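So you can see what is in the structure, the chains are spelled out below.
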Amino acid sequence: RSSDLVDGALIVGAFLAVAAVAASNVRHLPSLKASEIGAMAALLVTAVLYLAFFSLVTEATPGMKYAGISLCTFDDEFPTRAERRNRLGALLLSLLPMGLGVVWSLFDDDHLCWHDRLSRTYQREC
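About the cut-offs
- Residues numbered from 1 in each chain as written.
- Predicted model: local features only at pLDDT ≥ 70, side-chain atom pairs only at ≥ 80, totals over all residues.
- Heavy atoms only, no water.
- Axes fitted to C-alpha atoms, helices over the stretch in contact; angles between N-to-C directions.
- Helix = DSSP H or I, 4+ residues; strand = E, 2+ residues; numbered from the N terminus.
- Parallel < 35°, antiparallel > 145°, perpendicular 65-115°, else oblique.
- Left-handed = near helix turned anticlockwise from the far one by under 90°.
- Contact = heavy atoms within 4.5 Å.
- Nonpolar A, V, L, I, M, F, W, Y, C, P; charged D, E, K, R; others polar.
- Expected span 1.5 Å × (residues − 1).
- Buried < 20%, exposed > 50% of the residue type's maximum accessible area, 1.4 Å probe, protein only.
- Arc of directions from axis to C-beta.
- Phe/Tyr/Trp six-rings, centres within 6.5 Å; stacked < 30°, edge-to-face > 60°.

*Asks:* Give me the packing of helix α2 (residues 32-56) against helix α4 (residues 81-95): which residues, what numbers.
*Replies:* Between α2 and α4, the least distance of the axes is 9 Å, while the angle of their chain directions is 160°. It follows from the interaxial angle that α2 and α4 lie roughly antiparallel. The element α2 and its partner α4 pack so that their crossing is right-handed. Note on element contacts: α4 touches α2 through R81, R84, R85, L88 and L91, opposite L51, A52, S55 and L56. Its residues assigned to classes, the contact of α2 with α4 comprises 5 nonpolar, 1 polar and 3 charged.

*Asks:* Run through α2, naming residues and quoting values.
*Replies:* Relative to the 36 Å expected for 25 residues at 1.5 Å per residue, α2 spans 36 Å between its end C-alpha atoms, a close match to the ideal helical length. Turning to α2, its buried residues number three or more, namely T46, Y50, F54 and S55. Considering only its buried residues, α2 is in contact with α1 (2-24), α3 (62-67) and α4.

*Asks:* Go over unusual backbone geometry, please, and point to the residues and values.
*Replies:* Within the chain, D76 stands out as a residue other than glycine whose phi angle is a positive 60°. Secondary-structure assignment places D76 in the loop between β1 (69-73) and α4. Unlike most non-glycine residues, H111 shows phi in positive territory, near 60°. One can find H111 in the loop between α5 (100-103) and α6 (114-119).

*Asks:* Break down α4 for me, citing the residues and quoting the values.
*Replies:* The end-to-end C-alpha distance of α4, which contains 15 residues, comes to 21 Å, matching closely the 21 Å that a straight helix rising 1.5 Å per residue would cover. Inspection of α4 places R84, R87, A90, L91 and S94 among the buried residues, and these make up the whole buried set. One face of α4 carries all of its buried residues, which in axial projection span an arc of 115°. What points out from α4, more than 90 degrees from its buried face, is the exposed set L92 and L93. Where α4 is buried, its residues meet α2, β1, α5, α6 and β2 (121-125).

*Asks:* Would you mind going over the packing of aromatic side chains in detail, with residue names and values included?
*Replies:* Across all of its chains, the model carries 3 aromatic pairs by this definition. When the centroid spacing of 6.0 Å and the interplanar angle of 45° are considered together, the rings of F74 and Y122 count as tilted. Here Y122 lies in strand β2 and F74 lies in the loop between β1 and α4, a separation of 48 residues in the sequence. With relative accessibility at 28%, the residue F74 sits in the partly exposed group. Of the aromatic side chains, those joined through ring pairs into one cluster are Y50, F53 and F54.

It is worth stressing that arrangement in space is one thing and function is another; only the former is reported here.
This is the structure in structure tokens:
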């Protein structure tokens, strides 16, 4: 989806900006394996912070706003901050078993992921 592409580009852009500043201030670069592990961890932390910030502070991520998508509860209401926080926790559970909770949407009749079902929220067009 276009919202995921926009959000992904913003996450990678923020990660690369921080990585460039960090690399320019380091005198001795770590080993290749340590750099790879550190980069993956930093990219994951960047993505989590991005999602947490935009999910808890604003109504939608920039990618969702670009695509004209918003979160909605199963009762057709805008989710409260607590419901959006619960969705973040459910997203973690959905991603932990190698992303199976997200892949589940391919088999679900409504194309919903585990975190959609657990949090009783989903994305819809505005």
